[in-house]
Amino acid sequence: MDKRVVTLVGLIALLSTMWFGGAAPTHQAGPVRATAAPTILGFPAATELEAKTAQAAFNAADKGKPDPAWKGKKFTIAVYSAGQRGAISGPLYFWRNKFTELTGATYDIVEIPFAELREKIYSDFTTSAYKYDVIINCSNWYGDAIANDWIQPIDKYFNEPRMPKWDRASIAPAVANLMKWGEHWYGTNNDHDAQVLYYRRDILSDPKWQAQFKQEMGRDMPVAMDTWEDVLEIAKFFNRKDWNGDGKPDNGISLHLKVGGQGFFHFMALSAPYVVTPYLGQPPTKVTKYHNVYWFDPETMEPLINSPGHVRALETLIALSKAGSPAMWGWSLGEAWADFLSGKSVLVFSWGDVGSLAEDPTQSKIAGKLGARGIPGTKQPYDLEKKQFLNLSKPNMVGNQVGCSWHPVLSKFAKNPDLAYYFMAWQATPPINHWNVYMGWTGVDPGTTYDWFPPAGKATIDEYVAGGYKADDAKSFIGAFTDNFYRYPIFQNYIRIPGTPEMMEVWDVHLSEAVTGQVSPKEALDRTYQDWQKIIDNIGRAKLLKLYQQSIGYTK
Amino acid sequence: MKAMAHKEQIKFFFVIPGILWVLIFTIFPLLYSLRLSFFQARLGQDQTFIGMGNFQGAFSDYRFWNSLSITVFFVVVSVSLTVLLGLGLALLFNRPRRGLRFFRSSFVLPIFTAPIALGYLGLTIFHEDVGAVNVALRMLGVVNPPGWFHQVWAARLAITLVDVWQWTSFCFLVLLAGLQNLPEELYEAAQLDTSSGWGIFRHITLPLLAPVLFTVTILRLVETLKVLDIPFSMTSGGPGAATQTYSFYVYLVGLRNFNAGYASALAYILLLIMLFISSFFFNRLRAIYD
């Protein structure tokens, strides 16, 4: 063999080994201790403005009366791994020095990759290791945590003079309910998840594109996007056109559809108006066998997941998935967001993170061009009672609290529960929580009256502008969340019974099978139905039915 | 005499930690999981004896069959490619060359990379928009390069190729050692009879190398049957469940969904499959030696 060939092969092998070997992921395996990073006013802040506004929030927040006995103590917080400036984990690092300043105590932060988060936490409890005193919890884990008696109620602290006071009445009821189980509070206020529709305000309001749309489609562009059918039409129109002027075809919509990429949350938000219909008497939010239900028949626990409404919604999702980059069938959350933030797609529907990331100049090219609205509806929802699709003159609009709404819960086995609760309450105080909301990088999404603009709330545009927002973007973004939480007539139920994560896991797989064309939408949802039936029978139908009825407020 | 007896006894004392270690960390989990496999044992629930219920359930579980078929594909393709490529490279380097040590060391480096890291690297290399593979294919004029993460067979191929990249070097190393131990005299004698390289390879090298080839193959088979890390980090088992290998499925059932009874049954089925394959190969190996 030619010597040069051998040399070349060797070099390729060496280089590829170096390349592969040197790029191991940097997951945090153990607690991350305080680092000697430079600080401004005691905060590991990126800018002086950030530090000043945080200091103002710190000064304004209620601090209770920290117990001197806490000095020198420490507890441990488990949170999903996003780093020191990442979503949800970032604020824990940011406020740590100030917590020490207040109490003389500190905490370790254990970052766990999202894919392993639940199993690590569940294993910690089942093996009686009890490493974590506070868990930044996903709301759909409550069923398991309560059933296994892993977390403790926090009501006893509410009137304790040592503890900071936080405003429970200010939280959007849909999210506040996620922090409670039965009569008791278990979680403190933090994040408020819901999906809304984001769009490029500059493009959709451009008369040039509106005229072209009319010319091609024979009607005005439905810029209000009240229905998913309107969204689909707009996505299809813009897909593969060079609307951003970079000389390359661009995308209509971006979605994250990879298994494990949280794509099932997309379907959850999209499908709600196709399935959830209001009670025709008063109040419209009353839960009956056929109204305001999405997951199961509240009398038999039979899954509704393969109803014709769900199937039509999945057909819509598949149609939408063809109005964007073909690669998005393999995208996770970050890739879908990046596509929109880098100005390559006109639409995305996702959590509040997109609204705040759009203002971050290091990640976004669309600051000042962002539009947002609540999740669209449909004029043809499926009536579970009449077993037929309806034809409505106005769209059926359904609010959602899709996602985790990450918030701290207190382990029943916490070594220093009072100290740990002090931290939870202090972070939930309105000035600090609101600061976390309007500083987009924290990943804390809006959901309280102090996040909304008047008349729904008491926030000001200036606060958001101080956080780096363009005024019009903030109006649109916060307006979409306010609509979702307060102005939509009915709401999709949140599922958090025991076994929920397992149900989500199989659902995720079957949705992926449908969007990648392996099976039909009906077949995918039939498979989900069968798997859910098995899970329900395995855990115990009667037990789950009772919990489900309680969780959605169903009474005969 | 008494001192001798004491000395004899004390050696058992030093063996006790090892025995305890094996009992606690190997034998006990093995027996406990065997017991669990006959129970309905879920997180937060009382355990109920169900006899062979978990095993019967596996055979009517379409995800069991799906993961098994994916694993068979992975095993066949990955083991064949790694052994063949390893053999080819071993033959290539089984002669004096300048810089041979350097190349040998370089080829071996991938073995030391953690498979989970390889999976994440695979994610970037096979990324459909900006990954090196599709960028190269586009440069070569391929208009629609494969959708490595959303097309069923492309995804399966992608995880297999990453595994092949890592383990070819292991096969190369072992087979090269085997080749270098073959007696030179046989080759010298054979060269007097024939000038056909293929003939020498076919009738001398291959039969003499067969025991090493069998060993490499069985080690690779056992390794690939257990594959989890690469599909876990690279495709999350998708699209759908198209790259959800058997061990991945056991992991999901046991550690994600905490259905310990069913997961134990699935793990024992895999153990039986491995025992069957291993005994088949060892019987063949014994026949070769005999």
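Residues numbered from 1 in each chain as written. Chains lettered and ligands numbered in written order. Predicted model: local features only at pLDDT ≥ 70, side-chain atom pairs only at ≥ 80, totals over all residues.

Here the focus is the overall build of chain B. If you tally the helices and strands in chain B, you get 12 helices and 2 strands. Written out in order from the N terminus, the α and β elements of chain B read α-β-β-α-α-α-α-α-α-α-α-α-α-α. What you see for chain B is a C-alpha radius of gyration of 24 Å, clearly larger than the 19 Å of a compact globule of 290 residues, by over 25%. Based on the C-alpha atoms only, the size of chain B along its principal axes is roughly 80 × 75 × 35 Å. (Helix = DSSP H or I, 4+ residues; strand = E, 2+ residues; numbered from the N terminus. Rg over C-alpha atoms; globule rule 2.2 N^0.38 Å.)

Counting secondary structure elements, chain A contains 21 helices and 15 strands. In summary, chain A has a C-alpha radius of gyration of 24 Å against a globular reference of 24 Å for 556 residues, a match within 12%. Expressed along its principal axes, the backbone C-alpha trace of chain A runs to roughly 80 × 70 × 60 Å. For chain A, buried positions account for 54% of its 556 residues. Look at the contacts in chain A between residues 6 or more apart in sequence, and 75% of them connect residues 24 or more apart. (Buried ≥ 20, exposed ≤ 12 C-beta atoms within 10 Å, placed from the backbone. Contact = placed C-beta atoms within 7 Å.)

With that out of the way, let us pick up the sheet that holds strand E10 (residues 370-374) of chain A. All names here are of chain A. Sheet architecture is open: 4 strands sit in the order E8-E9-E7-E10, paired in mixed fashion. Among the strands making up the open sheet, the edge pair consists of strand E8 (251-254) and E10. Averaged over all pairs of adjacent strands, the angle between their axes in this sheet comes to 20 degrees, without regard to strand direction. Where strand E7 (residues 196-200) and E10 come together, 5 bridges link them in antiparallel fashion. Residue Tyr199 lies in a different strand from E10, and its bridge partner there is Gly371. Here helix H10 (residues 228-238) sits on the sheet in contact with E7, E8 and strand E9 (345-350), set at roughly 145 degrees to E9. (Pairing = 2+ DSSP bridges. Axes fitted to C-alpha atoms, helices over the stretch in contact; angles between N-to-C directions.)

Turning next to the environment of Lys387 of chain A. Structurally, the position occupied by Lys387 of chain A is in the loop between strand E11 (382-383) and strand E12 (388-389). Sequence separation between Lys387 of chain A and Pro308 of chain A is 79 residues, and the spatial gap between their C-alpha atoms is 8.5 Å.

Let's shift gears to the domain arrangement of chain A. Residues and elements named next belong to chain A. Parsing chain A into structural domains produces domain 1 (31-193 + 404-444) and domain 2 (200-400 + 490-552). Centre-to-centre, using C-alpha coordinates, domain 1 lies 30 Å away from domain 2. Every contact between the two is made by 16 residues of domain 1 and, on the other side, 17 residues of domain 2. Elements supplying a minimum of two residues to the side of domain 1 that touches domain 2: helix H5 (114-126) and helix H6 (142-147). With 4 residues, H6 is the single largest residue contributor to the side of domain 1 that touches domain 2. In terms of residue class, the side of domain 1 that touches domain 2 is built from 8 nonpolar, 5 polar and 3 charged. (Domains from an automatic or database assignment. Nonpolar A, V, L, I, M, F, W, Y, C, P; charged D, E, K, R; others polar.)

The next thing to look at is helix H15 (residues 417-428) of chain A. All names here are of chain A. In a regular helix each residue adds 1.5 Å, so 12 residues correspond to 16 Å; H15 covers 16 Å between its end C-alpha atoms and thus fits that length. In terms of burial, H15 is largely enclosed, as 10 of its 12 residues are buried. Along H15, the residues classified as buried are Leu419, Ala420, Tyr421, Tyr422, Phe423, Met424, Ala425, Trp426, Gln427 and Ala428. Among the structural elements, strand E2 (74-80), helix H4 (96-103), strand E3 (106-112), strand E4 (134-137), strand E14 (407-410) and helix H16 (430-438) are those in contact with the buried residues of H15. (Expected span 1.5 Å × (residues − 1).)

We now examine the interface of chain B and chain A. With 34 residues of chain B at the interface, the matching set in chain A holds 34 residues. Elements that contribute at least two residues to the side of chain B that touches chain A include exactly helix H4 (100-108), helix H5 (115-125) and helix H11 (246-256) of chain B. When the residues that make up the side of chain B that touches chain A are grouped by side-chain class, the tally is 19 nonpolar, 10 polar and 5 charged.

With that settled, the discussion passes to the confidence of the model for chain B. Taken residue by residue, chain B gives an average pLDDT of 90. The fraction at 70 or more is 99%. Across the assembled chains, the prediction reports ipTM 0.86 with pTM 0.87. (pLDDT = per-residue confidence, 0-100.)

Residue and element names in this part refer to chain A. Extensive coverage of E9 is indicated by the burial of 6 of its 6 residues. Alignment of E8 against E9, held across 3 bridges, turns out to be parallel. Directly across from Ile253, in E9, lies its bridge partner Leu347.

The next subject is the nonpolar core. Grouped together as the largest cluster of nonpolar side chains are 231 residues, with contacts concentrated most on Ile77, Leu197, Tyr198, Ala235 and Leu347 of chain A together with Leu266 of chain B. By residue number, the principal contributor to this core is helix H7 (residues 152-180) of chain B, which donates 11 residues. Each of domain 1 (31-193 + 404-444) and domain 2 (200-400 + 490-552) of chain A gives at least three residues to this core. (Core = buried A, V, L, I, M, F, W, Y, C linked by C-beta atoms within 7 Å.)

Here we come to unusual backbone geometry. A cis amide bond, omega -10 degrees, links Gln282 of chain A with the succeeding residue Pro283 of chain A. Following the sequence through the fold, Pro283 of chain A ends up in the loop between helix H11 (263-275) and helix H12 (308-321). Put simply, Gly238 of chain B and Pro239 of chain B share a cis peptide bond, and its omega is 0 degrees. Here Pro239 of chain B is to be found in the loop between helix H10 (229-234) and H11.

Moving on: the environment of Ser405 of chain A. Residue and element names in this part refer to chain A. Topologically, Ser405 is positioned in the loop between strand E13 (398-399) and E14. Since 28 C-beta atoms lie within 10 Å of it, Ser405 is described here as buried. Spatially, the C-alpha atom of Ser405 lies 27 Å from that of Glu302, the residues being 103 residues apart in sequence. In contact with Ser405, other than residues within four places in its own chain, are Ser139, Val175, Leu178, Asp191, His192 and Asp193.

Residues and elements named next belong to chain B. Running from amino to carboxyl end, H11 crosses helix H12 (residues 260-289) at an angle of 160 degrees, the nearest separation of the two axes being 8 Å. Taken together, H11 and H12 sit at an angle that is classed as roughly antiparallel. Helix-helix and strand crossings are classified by hand; for H11 and H12 the assignment is left-handed. Along the contact surface, H11 presents Tyr246, Tyr249, Val250, Val253 and Gly254, while H12 presents Ala260, Tyr262, Ala263, Leu266, Ala267 and Leu270. Split by residue class, the contact of H11 with H12 holds 10 nonpolar, 1 polar and no charged. (Parallel < 35°, antiparallel > 145°, perpendicular 65-115°, else oblique. Left-handed = near helix turned anticlockwise from the far one by under 90°.)

Attention now moves to the environment of Tyr262 of chain B. Residues and elements named next belong to chain B. Within the secondary structure layout, Tyr262 lies in helix H12. Tyr262 sits in the buried class, given 27 other C-beta atoms within 10 Å. When the C-alpha positions of Tyr262 and Tyr289 are compared, they lie 41 Å apart, and in sequence the two are 27 residues distant. Excluding anything up to four places from it in sequence, Tyr262 contacts Asn54, Gly57 and Val253.

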